[in-house]
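Remarks on the overall topology
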Amino acid sequence: MKTNSKLRRTLLTLLAFSPLFALPAHAQKAGDTVRIGYQKSSTLITVLKTRGTLEQRLGALGVKVTWHEFASGLPLLEALNVGAIDVSADVADTVPVFAQAAGAQLTYIAQESPSPSAQAIVVKADSNIKTLADLRGKRVGFAKAAGAHYLLIAALEKAGLSLKDIQLAYLAPADGRAAFEREAIDAWVIWDPFLAAVQRQSQVRVLTDGRGLADYQRYYLASTPYAKARPDVVKVIVDSLSETGKWVKQSPKDAAALLAPVWGLDVATVEQANARRSYEVRAVLPERLGEQQKIADAFLAEGLLPKKVNATAVPVF
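Heads up: these notes are all about the structure in this document. In this convention, every chain numbers its residues from 1, walking through the sequence in written order. Note on the predicted model: pLDDT of at least 70 is required for a residue's local features to be given, and 80 or more for side-chain atom pairs to be given and counted; whole-chain, interface and lining totals, by contrast, use all residues. As a convention, hydrogens and water are excluded, and side-chain values are obtained from all of the structure's heavy atoms.

1. Quick word on empty space enclosed by the protein
Using a probe with the size of a water molecule, rolled over the atoms, empty space left in the structure can be pinpointed. Convention followed: Of the grid points, spaced at 1 Å and generated over the protein atoms alone, those admitting a 1.4 Å probe that cannot get out make up cavities, while open sets with protein on both sides within 12 Å along at least five of seven lines make up pockets; any residue with an atom within 4 Å of a point is treated as lining. Grid points are joined across faces, edges and corners, and a volume is the space filled by probe spheres set on the points. For this classification, Asp, Glu, Lys and Arg are treated as charged, while Ala, Val, Leu, Ile, Met, Phe, Trp, Tyr, Cys and Pro are nonpolar and the rest, including Gly, are polar.
Across all of its chains, the model carries 1 cavity of 30 Å³ or more by this definition. Size it by volume and the largest cavity reaches roughly 60 Å³. In terms of lining residues, the largest cavity is bounded by Gln39, Ser72, Gly73, Ala92, Val95, Ala146, Gly147, Trp191, Tyr216 and Arg218. A per-class count over the lining of the largest cavity returns 5 nonpolar, 4 polar and 1 charged.

What follows is the structure, given as C-alpha cells:
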C-alpha cells in the first residue's frame, strides 16, 4: 500500500507541474486561459510572446495566456490532441496529416503561404554526396512527421529512390545538429532557423531545398472544442499573427534584432532565415489543401500512416 501511495503522489506531482500533462480544457474554468504551444521555428508567435501583444489584447477579453514550448511539430500537435494546449503555433504541413490519422479533433485557423526554400537537405561541404541519387545507403537525419520528412520523401522519389533505400535517423533539431557535426549522419534535412544557423556556422552544402519538391506551407491550429467555445480569442490570435507577419517582412532588421537574443542566434542568421519564410498569414481554403492530400498519400504509401486520410475533412475557422 505504501508503494501505491508513493506512486500516486509521484503521478500527481507530474500532473501538476508538467505542461504536457496539464488538465484538459474542459477541466479548467472555461475560457479563462488560452494555452498556446509553439516551437523554435514559430517566428510570429515568438514575436507576439516577446512583445506581450496577446496578453494585452486578450486581457481585454478577460483571458490569460500561458506558453508551452515543444521540440518539434509532432509532439506539439499530440499535446493539442490530448487537451494539454488549446492553440498551436505554426507547424509544417506534414504534421496535421499525422494528427488526422490519429483521430485528433483539430481545426485549421490559419496558414502561411509557401516557403519552399526555408527547408533543405544539407551535407558537409567536402561530402562525396553530390546528387540525390548518392543518398542511397547513407545515414540521413530528420524529425519524424516534420516538413523535412516529406521533403526527403519527395527528393528521394525524384532520384528514383524511397525511404527504404537509406538509413533513417529520427532526430529532433538539436540532436540532428549534433549528429551532423560529429558525422554520425551523412545528411541532415532541416528547416529555418536551424538551416540558416548550420549554413553560417559550419561548412555545408545544400543538396536541394524544397523548390519544385515541397511547398512547405505552415499551419496554425486549435483544438476543435476550443475553437467552437472561443472564436473571439481565436480571431484575436489570427489577426495578431497576420499583422506580425507583415511587420517581420517590412522590418527585417528590427525583427531579427528582436528574435536573435530569444533564439540564441546572431542577428544576421535570423535575418537570413526570415528572408526565406513568407510569413503571409491567410485563411485556410479547401482548394489550398491539395498538397496536404499529396503529403498524406505519400506517407500512406511509405507505410507511415495507419489509414488513408482525407486532407479536406478538417474543420476550418
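2. Some remarks on the layout of surface pockets
Our working definition: To qualify as a helix, a DSSP run of H or I must reach at least 4 residues; to qualify as a strand, a run of E must reach at least 2; elements of each kind are numbered from the N terminus.
If you add up the space inside the second largest pocket, you get close to 190 Å³. In this structure, the second largest pocket is lined by 14 residues; those nearest its centre are Tyr150, Ile153, Ala154, Glu157 and Ala298. With 5 residues, helix H6 (residues 147-158) is the single largest residue contributor to the lining of the second largest pocket. Per-class residue counts for the lining of the second largest pocket are 7 nonpolar, 2 polar and 5 charged.

3. Points about the sheet that holds strand S8 (residues 187-191)
To be explicit about the condition: The pairing criterion is simple: DSSP has to find at least two bridges between the two strands. To define axes, lines are fitted to C-alpha atoms, for helices over the stretch in contact only, and angles between the resulting N-to-C directions are given on a 0 to 180 degree scale.
Within the open sheet, the 5 strands sit side by side as S7-S6-S8-S5-S9. Their pairing is mixed. The two strands at the open ends of the sheet, each matched to only one other strand, are strand S7 (167-170) and strand S9 (204-209). On average, each strand axis in the sheet is inclined to that of its neighbour by 30°, with strand direction left out of account. Across 5 bridges, strand S5 (residues 119-124) lies against S9 in antiparallel orientation.

4. Topic: the sheet that holds strand S11 (residues 281-282)
Short version of the rule: Note on contacts: a residue pair qualifies if any of its non-hydrogen atoms lie within 4.5 Å across the two residues.
The mixed open sheet is built from 6 strands, whose spatial order is S2-S1-S3-S10-S4-S11. Bordering the open sheet on either side are strand S2 (64-69) and S11, each of which pairs with just one other strand. Contacts from helix H2 (residues 43-51) reach strand S1 (33-38), S2, strand S3 (87-92), strand S4 (106-112), strand S10 (218-223) and S11 within the one sheet, and its direction differs from that of S1 by about 130°.

5. Re the pairing of S8
The test is simple: The classification of residues rests on relative accessible area computed with a 1.4 Å probe and restricted to protein chains. Under 20% of the type maximum is buried, over 50% is exposed, and intermediate values are partly exposed.
Where burial is concerned, most of S8 is hidden: 5 out of the 5 residues are buried. Covered by surrounding structure in S8 are Ala187, Val189 and Trp191 together with Trp188 and Ile190, the residues of both alternating faces. Of the pairings in the sheet, the one linking S5 to S8 comprises 4 bridges and is antiparallel in character. Bridging from a neighbouring strand, Gln119 pairs with Trp191 of S8.

6. Focus: the pairing of S3
S3 sits mainly inside the fold: 6 of its 6 residues count as buried. With 2 bridges connecting them, S1 and S3 associate as parallel partners. In the strand pairing of S3, Ile36 is matched with Val87. Sheet analysis places S3 next to S10, joined by 4 bridges and oriented antiparallel. Paired with Ala92 across the two strands is Arg218, which belongs to S10.

7. A short note on helix H13 (residues 290-301)
Counted only if it meets this: A helix is expected to span 1.5 Å for every residue after the first.
Between its first and last C-alpha, H13 extends 17 Å over 12 residues, near the 16 Å set by a 1.5 Å rise per residue. Those residues of H13 lying buried are Glu291, Gln292, Gln293, Ile295, Ala296, Ala298 and Phe299. Its buried side turned inward, H13 meets helix H5 (94-101), S4, H6 and S10.

8. Here's the deal with unusual backbone geometry
Omega for the bond connecting Asp192 with Pro193 falls within 30 degrees of zero, at 5°, which places this linkage in the cis form. The topology assignment puts Pro193 in the loop between S8 and helix H8 (194-201). Even without being a glycine, Ala145 presents a positive backbone phi close to 70°. Positive phi, normally seen in glycine, also occurs at Tyr216, with a value near 60°. Relative to the helices and strands, Tyr216 resides in the loop between S9 and S10.

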